[in-house]
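What follows is each chain in one-letter form.
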Amino acid sequence: QVQLVESGGGLVQAGGSLRLSCAASGRTFSTSMGWFRQAPGKEREFVAAITFGGNSTYAYSVKGRFTISRDNAKNTVYLQMNSLKPEDTAIYYCTAGLFGTRGQDYPYWGQGTQVTVSS
């Protein structure tokens, strides 16, 4: 199986930027990775996903502000978050699995990292 270790979360002012990193270890036949988030009292929601070859897709709410990328040599996926809004505040989860936008598409999940955006 694959293990995912996240970093880069924190507190930022509205309009600011953060970059999340997720390092994968172990072995998996899945080649896609993604990010989900969950705010208190809300449902988990899809943020972005990327295939091994670099094709990506985004939730409408983050399109144009967030960029997902990966470094396959380092087995690492990134989420560059720009123009952050308070509504982006959530726990962000790194995932690995099939290319999709549903949680069930991703068998492997990281522990989550908190992103807080102040107004």
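Residues numbered from 1 in each chain as written. Predicted model: local features only at pLDDT ≥ 70, side-chain atom pairs only at ≥ 80, totals over all residues. Heavy atoms only, no water.

## Some thoughts on the overall build of the protein chain
Stated formally: Note on conventions: DSSP H or I runs of at least 4 residues are helices, E runs of at least 2 residues are strands, and numbering of each starts at the N terminus. A radius of gyration in this sense is built from C-alpha atoms; the matching globule rule multiplies 2.2 Å by the number of residues raised to 0.38. Under the scheme applied here, a residue whose accessible area is under 20% of the maximum for its type counts as buried, over 50% as exposed, and between as partly exposed, the area being computed with a 1.4 Å probe on protein chains only. Contacts: residue pairs with any heavy atoms within 4.5 Å of one another.
On a plain count of helices and strands, the protein chain comes out with zero helices and 11 strands. Seen in sequence order, the protein chain has helices and strands lined up from the N terminus as β-β-β-β-β-β-β-β-β-β-β. Here the C-alpha atoms of the protein chain give a radius of gyration of 13 Å, agreeing with the 14 Å that 2.2 N^0.38 yields for 119 residues. Viewed in the frame of its principal axes, the protein chain has a C-alpha envelope of about 40 × 30 × 25 Å. Within the protein chain, the proportion of its 119 residues that are buried is 44%. In the protein chain, the proportion of contacts linking residues at least 24 apart, taken out of those at least 6 apart, comes to 56%.

## Description of the pairing of strand S4 (residues 32–38)
Put simply, the test is: DSSP calls a pair of strands paired once it identifies at least 2 bridges connecting them.
The element S4 is largely enclosed, with a buried count of six among its seven residues. Pairing geometry for S4 and strand S9 (residues 90–97), over seven bridges, is antiparallel. Pairing of Gln 38 across the sheet is with Ile 91, part of S9. Relative to strand S5 (residues 45–50), S4 runs antiparallel, the two being bridged by five bridges. By the bridge assignment, Gly 34 is partnered in S5 with Ala 49.

## Thoughts on the sheet that holds strand S8 (residues 76–81)
Rules: Helix axes use the C-alpha atoms of the stretch in contact, all axes being lines fitted to C-alpha atoms, and the angles between their N-to-C directions lie in the range 0 to 180 degrees.
One open sheet holds the four strands; their spatial order is S1-S3-S8-S7, and the pairing between them is antiparallel. Strands with a single pairing partner mark the edges of an open sheet, and in this sheet they are strand S1 (2–7) and strand S7 (66–71). Mean inter-strand twist for the sheet, computed between neighbouring axes without regard to direction, equals 20°. Direction of pairing for strand S3 (residues 18–26) relative to S8: antiparallel, over a ladder of six bridges. From the neighbouring strand, Ala 23 faces S8, where its bridge partner is Thr 76.

## Observations regarding the pattern of salt bridges
Selection rule: What counts as a salt bridge is simple: a side-chain nitrogen of Lys or Arg found within 4 Å of a carboxyl oxygen of Asp or Glu.
The tally for this structure, following the rule as stated, stands at four salt bridges. Its salt-bridge partner being Arg 65, residue Asp 88 comes within 2.8 Å of it at the nearest N-O pair. Residue Asp 88 is found in the loop between S8 and S9, and its partner Arg 65 is found in the loop between strand S6 (56–58) and S7; the two are separated by 23 residues along the sequence. Exposure class is identical for Asp 88 and Arg 65. Each is buried. Residue Asp 105 pairs with Arg 102 through a salt bridge whose shortest N-O separation is 3.5 Å. Judged by relative accessible area, which is 13%, Asp 105 ranks as buried. Residue class for Arg 102 comes out partly exposed when judged on its relative accessible area of 46%. Through salt bridges with shared partners, a single ionic network connects Arg 37, Glu 45, Arg 65 and Asp 88.

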